[in-house]
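# Breakdown of the fold
One-letter residues, chain by chain:
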Amino acid sequence: MFKEIEDIDISLEQKFKTPYMATDNIRDFFKVANLGPSDPSDPNSGPFNKFLLVAHNGITTRTIMTILFNIYTVVNDMQKDPKTEAF
């Protein structure tokens, strides 16, 4: 899913902060993924995915990817129990 920008030995905590280049498949997915509006208080605002660096140039971190997949599951009602927002 990710290509490390630098191949260095770092801690797990640092790996979540290290920038990565997402693969073309991930970039293509987030170009069309329904992530809701860019401003949740304004449903007429542009789509959130149009503002993602990962969709345009592939730069991301593991933390950002975790958050984006969480947003995707919530927006698309993919949780097992929407009341608890658990997967």
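Residues numbered from 1 in each chain as written. Predicted model: local features only at pLDDT ≥ 70, side-chain atom pairs only at ≥ 80, totals over all residues. Heavy atoms only, no water.

You will see that Asp77, though not glycine, has its phi angle at about 50°, which is positive. Secondary-structure assignment places Asp77 in the segment after α4 (62-75). (Helix = DSSP H or I, 4+ residues; strand = E, 2+ residues; numbered from the N terminus.)

The predicted coordinates ought not to be read in detail in places where the model reports low pLDDT. Looking at the protein chain as a whole, the pLDDT averages 80, with 74% of positions reaching at least 70. Considering each helix and strand of the protein chain separately, the mean pLDDT is smallest for strand β1 (residues 2-4), with a value of 50, and largest for helix α2 (residues 24-32), with 92. (pLDDT = per-residue confidence, 0-100.)

Now for the environment of Arg27. For Arg27, the position within the fold is in helix α2. C-alpha separation for the pair Arg27 and Gly58, spaced 31 residues apart in sequence, amounts to 6.0 Å. With residues up to four places along the chain from it excluded, the contact list for Arg27 reads Ala22, Val54, Ala55, His56, Asn57 and Gly58. (Contact = heavy atoms within 4.5 Å.)

Considered for burial, the residues of α2 that qualify are Ile26, Arg27 and Phe30. Down the axis of α2, the sector holding all buried residues measures 100°, keeping them to one side. With respect to the buried face of α2, the exposed residues turned more than 90 degrees away are Asp24, Asn25 and Val32. Taken together, the buried residues of α2 touch β2 (20-22), α3 (53-56) and α4. (Buried < 20%, exposed > 50% of the residue type's maximum accessible area, 1.4 Å probe, protein only. Arc of directions from axis to C-beta.)

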